[in-house]
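Letter by letter, the chains look like this.
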Amino acid sequence: MTLFCCLVHNYYAFLSNVSKLFNKVTLYDIGSYTGTSAVALATNPNNNIISYDIGNFIRVNTPNNVSFIIGDFFQDQILQPITNHKLHLLTREILLELF
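So, here is what we can say about the structure in this document.

The rules we used
- Residues numbered from 1 in each chain as written.
- Predicted model: local features only at pLDDT ≥ 70, side-chain atom pairs only at ≥ 80, totals over all residues.
- Heavy atoms only, no water.
- Buried < 20%, exposed > 50% of the residue type's maximum accessible area, 1.4 Å probe, protein only.
- Helix = DSSP H or I, 4+ residues; strand = E, 2+ residues; numbered from the N terminus.
- Pairing = 2+ DSSP bridges.
- Right-handed = clockwise from strand over helix to strand, strands pointing away.
- Patch = residues over 30% accessible without salt bridge, like charges linked within 9 Å, V, L, I, M, F, W, Y side chains within 5 Å.
- Areas by Shrake-Rupley, 256 points an atom, 1.4 Å probe, with all protein chains shown as cover.
- Salt bridge = Lys/Arg side-chain N within 4 Å of Asp/Glu carboxyl O.
- Axes fitted to C-alpha atoms, helices over the stretch in contact; angles between N-to-C directions.
- Core = buried A, V, L, I, M, F, W, Y, C linked by side-chain atoms within 4.5 Å.
- Contact = heavy atoms within 4.5 Å.

**A look at the pairing of strand 1 (residues 26-30)**
Okay, so step 1: Only one face of strand 1 is covered, namely the face carrying Leu27 and Asp29; the face carrying Thr26, Tyr28 and Ile30 is uncovered.
Okay, so step 2: For strand 1 and strand 2 (residues 48-53), the ladder comprises five bridges, and the chain directions are parallel. The residue bridging Tyr28 from the neighbouring strand is Ile50, located in strand 2.
Okay, so step 3: Once the chain exits strand 1 it traverses helix 2 (residues 36-41) before rejoining the sheet at strand 2, and the crossover so formed is right-handed.

Laid out in C-alpha cells, this is it:
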C-alpha cells in the first residue's frame, strides 16, 4: 500500500472517530466533493452532518443523517446564529500534516 493510500485511509478513520466524540450535534463538512468525508463523519447516527460544496460531485450513497447542500457555506444564512461563537475549521490539509 502506498503512503498516500495509508494517509487517506487514516484520514477517513480519523473522521469516523471524531464523529464518535460527539453525540446529538450537527457537524459541518465544507467541501463535500464526492461525499466520502461526510459519510465518515456520519458514523455516529445520533449526529447530523451537513455537507457543503459549490458543485455537485457526490458519488456516495447518502446515510440518513447526512444532508448535501450545493452552495457556499460562508454565504449561507446558517452562519447567522453562530457568528458570536468561535468557528473551528479542520481541513484535510491540516489533518494530512499530522500524519
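**Topic: a nonpolar patch on the surface**
Okay, so step 1: Together, Tyr28, Ile30 and Phe74 give the surface a local cluster of nonpolar side chains, amounting to about 260 Å² of exposed area.
Okay, so step 2: By secondary structure assignment, the location of Phe74 is in the loop between strand 3 (66-70) and helix 3 (92-98).
Okay, so step 3: For Phe74, a relative accessible area of 44% gives the class partly exposed.

**As for the sheet that holds strand 2**
Think of a sheet as strands paired side by side through backbone hydrogen bonds, with each pair either parallel or antiparallel.
Okay, so step 1: Strand order in this open sheet of three strands is 1-2-3, and the pairing throughout is parallel. The strands lining the two open edges of the sheet, one partner per strand, are strand 1 and strand 3. The sheet shows a mean angle of 20° between the axes of neighbouring strands, direction not considered.

**Some remarks on the nonpolar core**
Side chains of nonpolar character tend, in soluble globular proteins, to be buried together.
Okay, so step 1: Formed by Tyr11, Leu15, Leu27, Ala38, Ala40, Leu41, Ala42, Ile49 and Val66, the largest nonpolar core amounts to nine residues.
Okay, so step 2: The greatest single-element share of this core, amounting to three residues, is contributed by helix 2.
Okay, so step 3: In this structure Val66 touches Ala38, Ala42 and Ile49, once residues within four positions along its chain are discounted.

**Brief notes about unusual backbone geometry**
Okay, so step 1: Positive phi values are uncommon outside glycine, yet Lys24 reaches one of about 60°.
Okay, so step 2: Its place among the elements puts Lys24 in the loop between helix 1 (3-20) and strand 1.
Okay, so step 3: Classification of Lys24 by relative accessible area gives exposed; the value is 68%.
Okay, so step 4: Although it is not a glycine, Tyr33 adopts a positive phi angle of roughly 50°.
Okay, so step 5: Within the element layout of this structure, Tyr33 appears in the loop between strand 1 and helix 2.

**Observations concerning the pairing of strand 2**
Okay, so step 1: With five of six residues buried, strand 2 lies mostly within the body of the structure.
Okay, so step 2: Note: strand 2 against strand 3, five bridges, orientation parallel. Following the sheet pairing, Tyr52 is matched in strand 3 by Ile69.

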